[in-house]
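The primary structure of each chain is shown beneath.
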Amino acid sequence: MSADKFSNPVVRWIDHRLPIFTFMDHELNEYPTPKNLNYFWNFGSLAGISLVIMIVTGIVLAMSYTPHVDYAFQSVERIMRDVNHGWLLRYIHMNGASFFFIVVFIHIFRGLYYGSYKAPRELLWILGVLILLLMMATAFMGYVLPWGQMSFWGATVITNLFSAIPLVGDSIVTLLWGGFSVDNPTLNRFFALHYLMPFLIVGVVILHLVALHRFGSNNPIGIDPSGPQDTVPFHPYYTIKDFFGLSIFLTLFAAAIFFFPNFMGHPDNYIPANPMQTPAHIVPEWYFLPFYAILRAVPDKLGGVVAMFGAIAVLFILPWLDRSPIRSGNFRPIFRIFFWVFVVDCIALGYLGGMPAEGIYVVLSRVATAWYFLHFLAILPLLSVIETPRPLPQSLSKSVLGGNAMAGVASAVKEKVR
Amino acid sequence: MKWCKAIIFSCALFASNAIAAGSGDVVLKQKDWSFNGPFGTLDKAAMQRGFQAYREICASCHSLNYIAFRNLSDLGYNDDEIKAFAAEYDVEDGPNDEGEMFIRPGIAADRFPSPYPNDAAARAGNNGAYPPDLSLITKARAKGPDYLYSLLTSYKDAPEDKDVPDGMYYNAAYPGYLIAMPQPIYGEDVTYADGAPTDVSAIASDLVYFLTWTAEPSLEKRKRTGVKVMIFLLIMVGMSYGAMKFIWADVKKA
């Protein structure tokens, strides 16, 4: 059937033998998508585009970068000064990391609010958490490469965490370092891994998309589309909507790159790494600050490391912690309140991670850390038992169109929901 | 641009590290630099004066490793002037055919030679304190231009209760107030060809212009490109919004 779709004989010849065009037509063109998706559903495609931007700029940067402790910092400055448009490439890559995390964090919170992790999308969610983990590892190793003061000392602090693991901890740290301190072998292997891991991310992203297309996107109502009347083909409806979202994203991204490119970085990273001089405050990049706060909130080293990794690990089992059959937070009045408390808690953790670990900040970090785990391990399981959800609409079309045939998608959804 | 900045700021509102770092409880003097803002430009006359001040005041201790003489064309100098600047310096080259290192006059492709042969020599010449390379100094400090300007203009007599050890100097803009660098500018330290003022704050300001350029020679180009890119993207936002509304119109009516 598929071969008849294409008028170009070359395309037909190829597609008969290798149904790549049928595949693309199916997954990118006619792919049925709920018609009531709001703008929070833009962030998946934005994350994908961010990944591509990072890989492309990264490969070109690698052509002029030297992974050696004596030359790394200089080679980055050469890129900034002597490579044609090198400053632009590097600022895109450097700010791209931050924007990638902004996009992915919003994508994750969207999943949390609309219950996108619930059956049958558990594996889709788990693959997403895996992508987050890989991204964090990649970003951490990338930050080490310019070999500035924060690169060096960040690498020292974070790799030292592994020494908390009983018995094998010290051996693992030696292995990570390739020696007995953060030095040239560390920089070399971090560069190799920083180049490798984005492609692992691409692999997991493909699995993420396969899992997504198995059941299609969740939607703000959280009930499954009941038929073709509830969906629209992906193209042109969501290609154009994603393109509009991309325009907004690129505008904000460009504003950062061209007008305040170093705002999200740390000035100390423009000082070449010096193992003999520790900076006054060692802080990770902003996107790690919530996890850094959790790490420091626990007074015991091993406990802190366990808590930090636990903060991610708990996301893996989230589909089995929140047992409520209702996906969308719109129909869960109590969950909704706790969701926003959780958002505030995460932002608070981010703020506290950037503050010195002393006085009131320590106390607040502990409270916020406790709340983080309480939310997942106690509140969500409890809510699924005690909460009475609001009645769900009968179908997406009904909620989309409401009683009024002329009402816009967004306003109709709002009417139904509020 | 304000709104853009506001959105980014709130997105990254935990980037407090960038703000909190470095300056402690020191209040910096804020100046309205010509390179601030999205349409900012570097003042060439000020940069030339700053370059002169760097050579006559700072260069005896501070290196400028990432700047080559050829880069000076950004300041408005022509090729002959640049060659003349370079030729004033002796540069070690080699080895030659006999295997010997030799000294030759600098050429445009050379980078500024360091005042000291190595870090240890730099420390030894300065009471154990290392005079940092100035190429990146305005990017390597929080609010770099204001910081540098404040530092250069805030040497004062120490308050009664502050004990200033030998070889340290009181500076109201330096974190901890005690700095190993003696006051570098007293006013009238240089004579400018263009007759510009040479009081402490004028020279400090000229140096800030010069060192902002050394930290990022592409600054002006970046901002100019940025304005064009923003115009393009804003048009793209408008057009894609219109296209989206057009395409979705039939879904709403369906």
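Reading guide: rules and limits
- Every chain is numbered on its own, with residues counted from 1 as its sequence reads.
- To label them, take the chains in the order written and letter them from A, then take the ligands in the order written and number them from 1.
- With pLDDT at 70 or above as the cut-off, local features in this predicted model cover only qualifying residues; side-chain atom pairs require 80 or more to be listed or tallied, and sums for whole chains, interfaces and linings still use all residues.
- The numbering of helices and of strands both runs from the N terminus, where a helix is a DSSP run of H or I of at least 4 residues and a strand a run of E of at least 2.
- Counts of 20 or more other C-beta atoms within 10 Å of a residue's own C-beta define buried residues, counts of 12 or fewer define exposed ones, and intermediate counts define partly exposed ones; C-beta atoms are placed from the backbone.
- Remark: residues whose backbone-derived C-beta atoms lie within 7 Å of one another are considered to be in contact.
- As a reference, a globule follows 2.2 Å times the number of residues to the power 0.38, and the radius of gyration itself is taken over C-alpha atoms.
- Here, a nonpolar core denotes buried Ala, Val, Leu, Ile, Met, Phe, Trp, Tyr and Cys residues that are linked to one another through C-beta atoms within 7 Å.
- On a scale of 0 to 100, pLDDT captures the predictor's confidence in every residue.
- Axes here refer to lines fitted to C-alpha atoms; in helices the fit is confined to the stretch in contact. Angles between the N-to-C directions go from 0 to 180 degrees.
- Three classes are used, and their members are as follows: Ala, Val, Leu, Ile, Met, Phe, Trp, Tyr, Cys and Pro are nonpolar, Asp, Glu, Lys and Arg are charged, and the others, Gly among them, are polar.
- With respect to orientation, any angle under 35 degrees is reported as roughly parallel, any angle over 145 as roughly antiparallel, any angle of 65 to 115 as roughly perpendicular, and every other angle as oblique.
- Handedness of each helix crossing follows the sense of rotation of the near helix against the far helix: counterclockwise by less than a right angle gives left-handed, clockwise gives right-handed.

## Quick look at the overall build of chain B
So, step 1. Within chain B, the secondary structure is distributed over eight helices and four strands.
So, step 2. Each helix and strand of chain B, placed in order from N terminus to C terminus, yields the pattern α-α-α-α-β-β-α-α-β-β-α-α.
So, step 3. Taking all 254 residues of chain B together, 29% fall into the buried category.
So, step 4. Partitioning the contacts of chain B with sequence separation of at least 6, the portion at a separation of at least 24 is 62%.

## Structural notes on the overall build of chain A
So, step 1. The helix and strand tally for chain A stands at 17 helices and two strands.
So, step 2. For 418 residues, the compact-globule estimate of 2.2 N^0.38 gives 22 Å, and chain A sits close to it at 24 Å.
So, step 3. Viewed in the frame of its principal axes, chain A has a C-alpha envelope of about 70 × 60 × 45 Å.
So, step 4. For chain A, buried positions account for 43% of its 418 residues.
So, step 5. Considering only residue pairs separated by 6 or more positions, chain A has 75% of its internal contacts joining residues 24 or more positions apart.

## Topic: the nonpolar core
One recurring pattern in soluble globular proteins: nonpolar side chains tend to sit buried together.
Residue and element names in this part refer to chain A.
So, step 1. In terms of nonpolar packing, the biggest core is built from 87 residues, with Phe-100, Val-103, Ala-293 and Ile-294 touching the most fellow members.
So, step 2. Tallying contributions element by element places helix α5 (residues 86-113) first for this core, with 16 residues.
So, step 3. Not counting the four nearest positions on each side in its chain, Ala-293 is found in contact with Leu-349, Leu-352, Gly-353, Ser-365, Ala-368 and Thr-369.

## What about the confidence of the model for chain A?
So, step 1. On average, residues of chain A score 93 in pLDDT, and 94% of them reach the 70 mark or higher.
So, step 2. Counting contacts from residues 402-418 of chain A, a segment whose pLDDT is below 50, to residues more than four positions away or on other chains yields 24 contacts.

## Re the environment of Ser-154 of chain B
All names here are of chain B.
So, step 1. Residue placement: Ser-154 occurs in the loop between α6 (144-153) and β3 (169-170).
So, step 2. Exposure remark for Ser-154: the 21 C-beta atoms within 10 Å place this residue in the buried category.
So, step 3. In this view, Ser-154 contacts Asn-171, Ala-172 and Ala-173; residues no more than four positions away in its chain are not counted.

## A word on the packing of helix α4 (residues 72-81) of chain A against α5 of chain A
Residues and elements named next belong to chain A.
So, step 1. Where α4 contacts α5, the axes come no closer than 5 Å and their chain directions differ by 115°. Packed against α4, whose contacting residues are Val-76, Ile-79 and Met-80, the element α5 presents Gly-86, Trp-87 and Arg-90 at the interface.
So, step 2. Looking at the contact of α4 with α5 residue by residue, the class counts come to four nonpolar, one polar and one charged.

## What about the confidence of the model for chain B?
All names here are of chain B.
So, step 1. On average, chain B scores 89 in pLDDT, and the residues at 70 or more come to 89%.
So, step 2. The least confident element of chain B, judged by mean pLDDT, is helix α2 (residues 16-20) at 39; the most confident is helix α7 (residues 200-215) at 97.
So, step 3. Contacts for the low-pLDDT stretch residues 7-23, under 50 throughout, to residues beyond four places or in other chains number 42 contacts.
So, step 4. For this predicted complex, the interface score ipTM comes out at 0.89, while the overall pTM is 0.91.

## Quick word on the environment of Ala-129 of chain B
So, step 1. Within the element layout of this structure, Ala-129 of chain B appears in the loop between α5 (119-124) and α6.
So, step 2. Residues Ala-129 of chain B and Ala-180 of chain B lie 51 residues apart in sequence; the distance between their C-alpha atoms is 6.4 Å.

## A short note on the packing of helix α3 (residues 43-62) of chain A against helix α10 (residues 234-259) of chain A
Helix-helix packing is described using two parameters, namely the angle between the two axes and the distance between the axes.
Residue and element names in this part refer to chain A.
So, step 1. Where α3 meets α10, the closest approach of the two axes is 9 Å, and the angle between their N-to-C directions is 60°. Relative to α10, the element α3 lies oblique. The two elements α3 and α10 cross, and the hand of that crossing is right-handed. Counted together, Ser-45, Leu-46 and Ile-49 of α3 and Asp-242, Gly-245, Leu-246 and Phe-249 of α10 form the full contact between these two elements.
So, step 2. Grouping the constituent residues of the contact of α3 with α10 by class yields four nonpolar, two polar and one charged.

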